[in-house]
Amino acid sequence: MKYNSQPSTNPMPQREFEIIIAPDGSVELTVKGYKGKSCLEAMKIFEKIVGELKSRRETSEFYEPEERVQWNIDQRH
Amino acid sequence: MSCVCILTPVVIAAWPQFSAAVVAAATTLGYTLMDGEQKGAAQDQQVSLEIEQSEIVTGQLGRDQRVRVMRDGVMVTFSRDARGRATVCVSGKGRTEEELRALGEELSRRVVQKYVHQRLLDEIKARQFVVVEEEVDENQAIRLKVRHWDG
């Protein structure tokens, strides 16, 4: 299924998340578009939603100068 | 790319959310939802399982909350035990314990997948994330591509 609801042009920084929900419910999350440790804050949102962090690895962009991003990570049920 | 992680699901759901996931998973695997109090025959082989890391929250204490599905003579009953955990009872005539356990585990895993999928959709939309792609691959994994614009 494809959605076409994303803005066509947007000057704001775009963050992309690839989520694979395995048949057993475990989730592999790839976070793109962040530099530095700000991606960890984004990851925490998904950790709150799904469950427990099993493993994590960083790519080269993780070690680039950090951005300042603020998230609301309130738990919702 | 910045980082990659693996998350283990924890199911904390109200009964309506959980039973919706059961129905969705069962339908996907070809089970039929059973009405009423139909039970398996006494001579049926029976196996009880538990969904790990699950908690079914309810404000309706004492209510008998369960959902039953059936496929090829195998009945699977999902319910909430006294501790709030999701339990699964699988029964079927002429089936070995191993067969019933495998069927129960397959369906239980798919219930968790459906629960996680719906919870993710609800939560990321509430946070103004946009789902731009969604597909089920040949391994029955659900793949989502989600975008968010900082502003």
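For the structure itself, look to the data block above.
Fair warning: this is a prediction, and the values are worked out from it, not measured in the lab. (Residues numbered from 1 in each chain as written. Chains lettered and ligands numbered in written order. Predicted model: local features only at pLDDT ≥ 70, side-chain atom pairs only at ≥ 80, totals over all residues. Heavy atoms only, no water.)

Let's talk about the pattern of salt bridges
A side chain with one charge may pair with a side chain of the opposite charge, provided their charged atoms come close. Residue and element names in this part refer to chain A. This is how it is decided: Salt bridges, as used here, are contacts in which a Lys or Arg side-chain nitrogen is within 4 Å of a carboxyl oxygen on Asp or Glu. Strands here mean DSSP runs of E at least two residues long; helices mean DSSP runs of H or I at least four residues long; both are numbered from the N terminus.
Under the criterion given, the structure shown has 13 salt bridges over all chains. Measuring nitrogen to oxygen at the nearest pair gives 2.9 Å for the salt bridge that ties Lys 32 to Glu 18. Note that Lys 32 is positioned in strand β2 (residues 27-32) and Glu 18 in strand β1 (residues 14-21), a separation of 14 residues in sequence. Between Glu 41 and Lys 44 there is a salt bridge, with the nearest N and O atoms lying 3.4 Å from each other.

A few points about the sheet that holds strand β10 (residues 142-149) of chain B
Quick note on the threshold: When DSSP finds two or more bridges between two strands, those strands count as paired. Comment: axis = line fitted to C-alpha atoms, over the contacting stretch for helices; angle = value between 0 and 180 degrees taken between N-to-C directions.
Across the sheet, 6 strands lie side by side as β3(A)-β1(B)-β2(A)-β1(A)-β10(B)-β9(B); this open sheet has antiparallel pairing. This sheet does not close on itself; its edge strands, each paired only once, are β3 (51-58) of chain A together with β9 (130-136) of chain B. In this sheet, adjacent strand axes meet at a mean angle of 15° when their direction is disregarded. Across 5 bridges, β2 of chain A lies against strand β1 (residues 3-9) of chain B in antiparallel orientation. Paired with Glu 28 of chain A across the two strands is Ile 6 of chain B, which belongs to β1 of chain B.

With respect to the packing of helix α1 (residues 38-50) of chain A against helix α2 (residues 97-126) of chain B
Put simply, the rule reads: Between 65 and 115 degrees an angle is taken as roughly perpendicular, under 35 as roughly parallel, over 145 as roughly antiparallel, and anywhere else as oblique. Crossing handedness: left-handed means the near helix sits turned counterclockwise from the far one by under a right angle, and right-handed means the same turn made clockwise. Here a residue-residue contact requires only that any non-hydrogen atoms of the pair lie within 4.5 Å.
Where α1 of chain A contacts α2 of chain B, the two axes come as close as 10 Å, and the packing angle between them is 130°. Here α1 of chain A is positioned oblique relative to α2 of chain B, judged by the angle of their axes. Viewed along their axes, α1 of chain A and α2 of chain B form a crossing whose handedness is right-handed. Residue-level inspection shows Phe 46, Lys 48, Ile 49 and Val 50 of chain A of α1 of chain A in contact with α2 of chain B, the latter providing Val 116, Arg 119, Leu 120, Glu 123 and Ile 124 of chain B.

Focus on the environment of Lys 35 of chain A
All names here are of chain A. Rules: Relative accessibility decides the category of a residue: with a 1.4 Å probe and only protein chains considered, values under 20% of the type maximum give buried, values over 50% give exposed, and everything between is partly exposed.
Along the chain, the position of Lys 35 falls in the loop between β2 and α1. A relative accessible area of 38% places Lys 35 in the partly exposed class. For the pair Lys 35 and Glu 18, spaced 17 residues apart in sequence, the C-alpha separation works out to 17 Å.

Some words on the sheet that holds strand β4 (residues 45-50) of chain B
In a beta sheet, neighbouring strands are held together by backbone hydrogen bonds and run either parallel or antiparallel to one another. All names here are of chain B. A sheet is described by the order of its strands in space; here 5 strands give the open sequence β3-β6-β7-β8-β4, paired in antiparallel fashion. Looking at the sheet topology across the chains shown, the edges are occupied by β3 (32-34) and β4. Adjacent strand axes in the sheet meet at a mean angle of 25° when their direction is disregarded. Looking at chain direction, strand β7 (residues 74-80) and strand β8 (residues 86-92) are connected through 7 bridges and run antiparallel. Its bridge partner lying in β8, Val 76 is registered against Val 90. Set on the sheet, α2 makes contact with β4, β6 (66-71), β7 and β8; between it and β4 the angle comes to about 35°.

Overview of the pairing of β9 of chain B
All names here are of chain B. Pairing geometry for β9 and β10, over 6 bridges, is antiparallel. Directly across from Glu 133, in β10, lies its bridge partner Lys 145. Between β9 and β10, which pair antiparallel in sequence order, lie 5 residues; one of them, Gln 140, sits at a positive phi of approximately 70°.

Description of the packing of aromatic side chains
The following threshold applies: Each Phe, Tyr or Trp ring (for Trp, its six-membered ring) is paired with any other whose centre lies within 6.5 Å, and the angle between the two planes then decides the class: stacked below 30 degrees, edge-to-face above 60, tilted in between. Any Lys NZ or Arg CZ found within 6 Å of a ring centre and within 35 degrees of that ring's normal is scored as a charge over the ring.
All chains considered together, the criterion is met by 6 aromatic pairs over all chains. Their ring planes at 45° and their centres at 5.7 Å tell us that Trp 15 of chain B and Phe 18 of chain B sit as a pair that is tilted. Note that Trp 15 of chain B and Phe 18 of chain B are positioned in helix α1 (residues 15-28) at a spacing of 3 residues, about one turn of the helix. Classification of Trp 15 of chain B by relative accessible area gives buried; the value is 10%. Of the residues examined, Phe 18 of chain B reaches a relative accessible area of 1% and is grouped as buried. Through a chain of ring-to-ring contacts, three or more aromatic side chains come together here, namely Phe 17, Tyr 34 and Phe 46 of chain A together with Phe 129 of chain B. Sitting over the ring of Tyr 34 of chain A, Arg 15 of chain A keeps its end group 4.5 Å from the ring centre.

Let's talk about the packing of α1 of chain B against α2 of chain B
All names here are of chain B. Spelled out, the test is: Residues are grouped as follows: Ala, Val, Leu, Ile, Met, Phe, Trp, Tyr, Cys and Pro are nonpolar; Asp, Glu, Lys and Arg are charged; all remaining types, including Gly, are polar.
Two elements in contact, α1 and α2, have axes separated by 8 Å at closest approach and are oriented at 120°. As the angle between them shows, α1 and α2 are arranged oblique. For the pair α1 and α2, the crossing hand works out as right-handed. Of α2, the residues touching α1 (which contributes Phe 18, Ala 21, Val 22, Ala 24, Ala 25, Ala 26 and Thr 28) are Leu 107, Arg 110, Val 111, Lys 114 and Tyr 115. Class assignment of the residues belonging to the contact of α1 with α2 gives a composition of 9 nonpolar, 1 polar and 2 charged.

Scope: geometric values only; no functional claims are made or implied.
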